[in-house]
Amino acid sequence: MSIPRGAVHAKWIVGRVIGTKMQKTAKVRVTRLVLDPYLLKFFNKRKTYFAHDPLQQCVVGDIVLLKALPERRSKHVKHELAEIVFKVGNVIDPITGKPCAGTRFLENLSDSENLTEADTTYLSEKLQELKVCSTDK
Amino acid sequence: MPMKGRFPIRRTLRYLSQGDVVFKSAVKVMTVNYNTAGELSEGARKFVFFNIPQIQYKNPWVQIMLFKNMTPSPFLRFYLDNGEQVLVDVEDKTNKEITEHIKKILGKSKETLEKEEKERKKLSHPATFGPKKYHLRECMCEIEGQVPCPAIVPLPKEMRGKYKTAMKNEA
């Protein structure tokens, strides 16, 4: 179907960026669920991959999608950055398309239409006081 | 002495092998975003608790990642080999509905699974004997109705070579 991507077993990976100190390279930690043979429970097993990031747009803490390169770029770099899935501090909910943080949406916070009558009168009074002070001086 | 944990049945091989979602070979990564509180995420939480071990057992080469409390709405996301992404909204769905849905959109059908079973069976011949790794049975003595293993039950005199040669020499 596509060009034979050899060399690496993992073609597409999702991981978390843990380091960006290298130029144009991101250190990504990938966790996979591995079955413990005695407990028969799945635990996360970590592995770090290095990914080529030409625009250096990754920050530590981003969740990224990596794509395997057709051939190795250097001794350790075998993947490249395909897409930043969730940018740290700027998560966008894919279903609604709105920015969110944790379990609430962020866009409703600074909405001046939601202010009540009491709020607007209080604020306008404060503004009047400020104007008076400035003319005195 | 009962098993430890809340629902320790999840940690039995029998439960794990009862999972019926086998993904198509194009599915590489599965990501589940869910919340630890709230009614809408209840189905997603149950899905993660009960069904993810079954799915991972059946699909050991699919990377499964779980994210908690990142977005207000719970969803599943699949990354396929051709770059395609499948987004599945699981808000207000029970865990059974979620598994059924995934099986329908990205799971191998029953016919494909049966075909693969047949192919695997063809490779090994059931009528041969040998090591457990490659054959069903190791020795004829294991089968009911055949001569039992002489290590457990001594053979009758007439079948022993010692007796047979003695009789022949006598005659």
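Along each chain, the written sequence defines residue order, and numbers are assigned to residues from 1. All chains are assigned letters beginning with A, and all ligands numbers beginning with 1, in the order in which they are written. pLDDT decides what is reported in this predicted model: residues at 70 or higher carry local features, side-chain atom pairs at 80 or more are listed and counted, and totals for whole chains, interfaces and linings draw on all residues regardless. Side-chain descriptors were evaluated using all non-hydrogen atoms of the structure, hydrogens and water having been removed beforehand.

A. Highlighting the overall build of chain B. To qualify as a helix, a DSSP run of H or I must reach at least 4 residues; to qualify as a strand, a run of E must reach at least 2; elements of each kind are numbered from the N terminus. Helix and strand counts for chain B stand at 5 helices and 4 strands. For chain B, the sequential pattern of α-helices and β-strands runs α-β-α-β-β-β-α-α-α. The globule rule used here is 2.2 Å times the number of residues to the 0.38 power, and the radius of gyration it is set against is calculated over C-alpha atoms. Computed over the C-alpha atoms, the radius of gyration of chain B is 27 Å, more than 25% above the 16 Å expected from 2.2 N^0.38 for a compact globule of 171 residues. Seen along its three principal axes, the alpha-carbon backbone of chain B occupies a region of about 95 × 45 × 20 Å. Across the 171 residues in chain B, those meeting the buried criterion constitute 33%. Contacts spanning at least 24 positions in sequence make up 60% of the contacts within chain B whose residues lie at least 6 apart. For chain B, the exposed surface amounts to about 11600 Å²; the carbon and sulfur share of it is 57%. Positive charge is attributed to Lys and Arg, negative charge to Asp and Glu, and no charge count is given to His or to the chain ends. A charge is said to be at NZ when it belongs to Lys, at CZ for Arg, at CG for Asp and at CD for Glu. For chain B, the centre of its 31 positive side-chain charges and the centre of its 20 negative side-chain charges are spaced 6 Å apart. Working definition: with a 1.4 Å probe on protein chains only, accessible area under 20% of the residue-type maximum means buried, over 50% means exposed, and in between means partly exposed. The contact rule is simple, with two residues in contact once any of their heavy atoms fall within 4.5 Å. Under the convention used here, a 1.4 Å probe and the Shrake-Rupley method define accessible areas, while residue burial counts only the protein chains that appear.

B. Spatial organisation of the domain arrangement of chain B. What counts as a domain boundary in this text is fixed by an automatic or database domain assignment. According to the domain assignment, chain B contains domain 1 (8-109) and domain 2 (125-170). Taking the mean C-alpha position of each, domain 1 of chain B and domain 2 of chain B sit 51 Å from one another.

C. Structural view of the interface of chain B and chain A. Taken together, the contact pairs 34 residues of chain B with 31 residues of chain A. Polar contacts, as counted here, are pairs of nitrogen or oxygen atoms within 3.5 Å of one another; within protein the pair requires one atom able to donate a hydrogen and one able to accept it, and residues that are adjacent in sequence qualify only if both atoms are side-chain atoms. Taken together, the links from chain B to chain A amount to 7 residue pairs in polar contact (both at pLDDT 80 or more). Contributing elements (two or more residues each) for the side of chain B that touches chain A: helix 1 (13-17), strand 1 (27-34), helix 2 (42-58), strand 2 (63-68), strand 3 (75-80) and strand 4 (85-89) of chain B. When grouped by side-chain class, the residues that make up the side of chain B that touches chain A number 17 nonpolar, 11 polar and 6 charged. Put simply, Ala, Val, Leu, Ile, Met, Phe, Trp, Tyr, Cys and Pro go in the nonpolar bin, Asp, Glu, Lys and Arg in the charged bin, and everything else, Gly too, in the polar bin.

D. Examining the environment of A:Thr25 more closely. Residue and element names in this part refer to chain A. Structurally, Thr25 is set in strand 2 (residues 25-35). Distance in space between the C-alpha atoms of Thr25 and Pro54 is 7.4 Å, their sequence separation being 29 residues. Excluding its chain neighbours within four sequence positions, the residues that come into contact with Thr25 are Gly19, Thr20, Phe50, Ala51, Asp53 and Val77. A polar atom in the side chain of Thr25 sits 3.0 Å from the backbone oxygen of Gln23.

E. Up close: unusual backbone geometry. Backbone geometry at A:Lys24 places phi at a positive 60°, although glycine is not the residue there. Along the chain, A:Lys24 falls in the loop between strand 1 (12-19) and strand 2. Among the residues examined, A:Lys24 registers a relative accessible area of 43% and is labelled partly exposed. Even without being a glycine, B:Asn69 presents a positive backbone phi close to 55°.

F. Representation of a nonpolar patch on the surface in the model. Residues and elements named next belong to chain A. On the surface, Tyr38, Leu39 and Phe43 cluster together into a nonpolar patch covering about 360 Å² of accessible area. By secondary structure assignment, the location of Leu39 is in the loop between strand 2 and strand 3 (42-52). The class of Leu39 is partly exposed, set by a relative accessible area of 35%. A patch consists of residues whose relative accessible area exceeds 30% and which take part in no salt bridge; residues with like charges are grouped when within 9 Å of each other, and nonpolar side chains (Val, Leu, Ile, Met, Phe, Trp, Tyr) when within 5 Å. A carboxyl oxygen of Asp or Glu within 4 Å of a side-chain nitrogen of Lys or Arg is what we treat as a salt bridge.

G. Representation of the packing of aromatic side chains within the structure. Planes of paired rings set the category: under 30 degrees apart is stacked, over 60 is edge-to-face and the rest tilted, where pairs are Phe, Tyr or Trp rings (Trp by its six-membered ring) whose centres lie within 6.5 Å. Taken as a whole and judged by the stated rule, the model has 5 aromatic pairs over all chains. Judged by centre distance (6.1 Å) and plane angle (80°), the ring pair of A:Phe86 and B:Phe67 falls under edge-to-face. With A:Phe86 in strand 5 (residues 77-86) and B:Phe67 in strand 2, this pair bridges two chains. In terms of burial, A:Phe86 and B:Phe67 fall into one category: buried.

H. Region of interest: the UniProt feature "domain: Ribosomal protein/NADH dehydrogenase" (unreviewed entry) in chain B. UniProt marks residues 36-109 of chain B with the feature "domain: Ribosomal protein/NADH dehydrogenase" (unreviewed entry), using the numbering shown here. Secondary structure content for residues 36-109 of chain B is 39% helix and 23% strand, while the C-alpha to C-alpha distance between its ends is 32 Å. UniProt positions are given in the numbering used here, feature names are shortened, and annotations may be inferred rather than shown by experiment.

I. Focus on the environment of B:Leu123. All names here are of chain B. Residue position: Leu123 is located in helix 4 (residues 110-123). The exposed category is assigned to Leu123, whose relative accessible area is 74%. When the C-alpha positions of Leu123 and Met70 are compared, they lie 47 Å apart, and in sequence the two are 53 residues distant.

J. Just helix 4 of chain B, in detail. Take the residue count of a helix, subtract one, and multiply by 1.5 Å to get its expected span. Between its first and last C-alpha, helix 4 of chain B extends 21 Å over 14 residues, near the 20 Å set by a 1.5 Å rise per residue. The element helix 4 of chain B is largely exposed, with a buried count of 0 among its 14 residues.

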